Amino acid sequence: MKKQVKSKERVAERGEVFTAEREVKAMCDLVATQCDNVDATFLEPACGDGNFLAEILDRKLARVKKDAKSDAITWEWLSVRAVASLYGVDIMQDNTEECRQRLFDKWNKAYKTACKKSCNEETRDSVRYILSKNIICGNALTMMCVDENQQDTQDYITFSEFKTCGRMYMLKRRDYRLDVLLKANKKPKNQRQLTLDSSVDDIYNYLDTNPVTGEYMPKPLREYTPLHYRRLKENG
Ligand SMILES: C[S@@+](CC[C@H](N)C(=O)[O-])C[C@H]1O[C@@H](n2cnc3c(N)ncnc32)[C@H](O)[C@@H]1O
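Residues numbered from 1 in each chain as written. Predicted model: local features only at pLDDT ≥ 70, side-chain atom pairs only at ≥ 80, totals over all residues. Heavy atoms only, no water.

1. Structural notes on the overall build of the protein
So, point 1. Secondary structure summary: the protein contains 9 helices and 11 strands in total.
So, point 2. In terms of overall dimensions, the protein is globule-like: its C-alpha atoms have a radius of gyration of 19 Å, near the 18 Å expected for 236 residues.
So, point 3. For the protein, the C-alpha atoms occupy an extent of roughly 60 × 50 × 35 Å along the three principal directions.
So, point 4. Within the protein, the fraction of its 236 residues that count as buried is 42%.
So, point 5. Pairs at least 24 apart in sequence give 65% of the contacts found in the protein among residues at least 6 apart.
So, point 6. Carbon and sulfur atoms provide 51% of the accessible area of the protein, an area that totals close to 13,200 Å².
So, point 7. Computing the positive centroid from 41 side-chain charges and the negative centroid from 37, the protein places the two 5 Å apart. (Helix = DSSP H or I, 4+ residues; strand = E, 2+ residues; numbered from the N terminus. Rg over C-alpha atoms; globule rule 2.2 N^0.38 Å. Buried < 20%, exposed > 50% of the residue type's maximum accessible area, 1.4 Å probe, protein only. Contact = heavy atoms within 4.5 Å. Areas by Shrake-Rupley, 256 points an atom, 1.4 Å probe, with all protein chains shown as cover. Lys, Arg positive; Asp, Glu negative; His and termini not counted. Charge placed at Lys NZ, Arg CZ, Asp CG, Glu CD.)

Listed below in structure tokens is the structure:
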């Protein structure tokens, strides 16, 4: 059985007690339909070494196997999208790195089984690249990146969306700030609130208001030209 605690100090300082597999599975069962959808997005905001993300990836890869049948290219295409749908934040650098590595190893093991001699380094590089962008060392309360002492830096937690764009095997990347994303689909309380807030925080530079519903719509920090799923690293 996997250890749930790394040290007493970490439990006291950060509440670091990892969830047992049985509970993880039971909670994922509550959202079984979404876990069975390659593109459904998940964020684990205090992800540790990724207990929930790992279980969700297992379930998504089971869906990929069914849909790809024995076609290696389809398996790559769908599985890269499955990895790109997972997001995590943890305040501890070691947890963040363990989470990225764990998800990569899980994906890579399934990749070798499914694609055998068709496996290639370009696809592996794309999966590593996605994980480096979407599993972030940061403070999920302040939504800022942190340094090695868990202190906030000046950098906002930013995630990359890698989305299909109507062209086969091509993914379009858009980067968004997490604090901006969390305002999506909410309505400003009133105009005065909006004005007051915008004077102290530039978050409103990254939000449009839907003219029909009045709800916030996040604007990306940056948009990129669509790339083949094997060449995502070229986004820099
Ligand atoms: C209770 S553990 C849960 C880990 C994992 N989600 C699981 O269920 O196994 C809490 C995690 O939150 C992280 N953490 C604590 N404060 C945090 C913060 N402000 N922002 C992001 N992560 C934080 C800890 O490093 C730890 O890995």
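2. Examining the side chain of Asp90
So, point 1. Along the chain, Asp90 turns up in strand β2 (residues 86-90).
So, point 2. From its side chain, Asp90 meets the backbone nitrogen of Gly48 in a polar contact 2.7 Å long.
So, point 3. There is a polar contact of 2.9 Å between the side chain of Asp90 and the backbone nitrogen of Met92.
So, point 4. Once you skip the residues sitting within four places of it in the chain, Asp90 turns out to touch Ala46, Cys47, Gly48, Asn95, Thr96, Ile136, Cys137 and Gly138. (Polar contact = N/O pair within 3.5 Å; in protein donor to acceptor, adjacent residues only side chain to side chain.)

3. A look at the site of the ligand
So, point 1. In the vicinity of the ligand, 21 residues are found, and the nearest of them are Thr19, Glu44, Ala46, Asn51 and Asp90.
So, point 2. Asn51 is positioned such that a nitrogen or oxygen atom in its side chain is 2.8 Å from an oxygen atom of the ligand.
So, point 3. Within the complex, 85% of the 590 Å² of free accessible area of the ligand lies under protein.
So, point 4. Elements that contribute at least two residues to the shell around the ligand include exactly α4 (51-68) and β3 (135-139). (Near = heavy atom within 4 Å.)

4. Things to note about the sheet that holds β3
So, point 1. Spatially, 5 strands are ordered β1-β2-β3-β4-β5 in an open sheet, and the strand pairing comes out mixed. Here the strands that pair on one side only, and so sit at the sheet edges, are β1 (42-44) and β5 (152-156). In this sheet, adjacent strand axes meet at a mean angle of 45° when their direction is disregarded.
So, point 2. When β3 meets strand β4 (residues 144-146), the two strands line up antiparallel, connected through 2 bridges. Bridging from a neighbouring strand, Gly138 pairs with Cys145 of β4.
So, point 3. Together, β1, β2 and β3 form the strand contacts of α4, whose direction differs from that of β2 by roughly 170°. (Pairing = 2+ DSSP bridges. Axes fitted to C-alpha atoms, helices over the stretch in contact; angles between N-to-C directions.)

5. Concerning the pattern of salt bridges
So, point 1. Enumeration over the complete set of coordinates arrives at 26 salt bridges.
So, point 2. Arg102 is the partner of Asp49 in a salt bridge, and the nearest nitrogen-oxygen pair spans 3.1 Å. With Asp49 in the loop between β1 and α4 and Arg102 in helix α6 (residues 93-115), this pair connects stretches of sequence that are 53 residues apart.
So, point 3. Accessibility expressed as a relative area gives 10% for Asp49, which makes it buried.
So, point 4. Salt bridges sharing partners connect three or more residues here, namely Lys6, Arg10, Glu16, Asp94 and Glu98. (Salt bridge = Lys/Arg side-chain N within 4 Å of Asp/Glu carboxyl O.)

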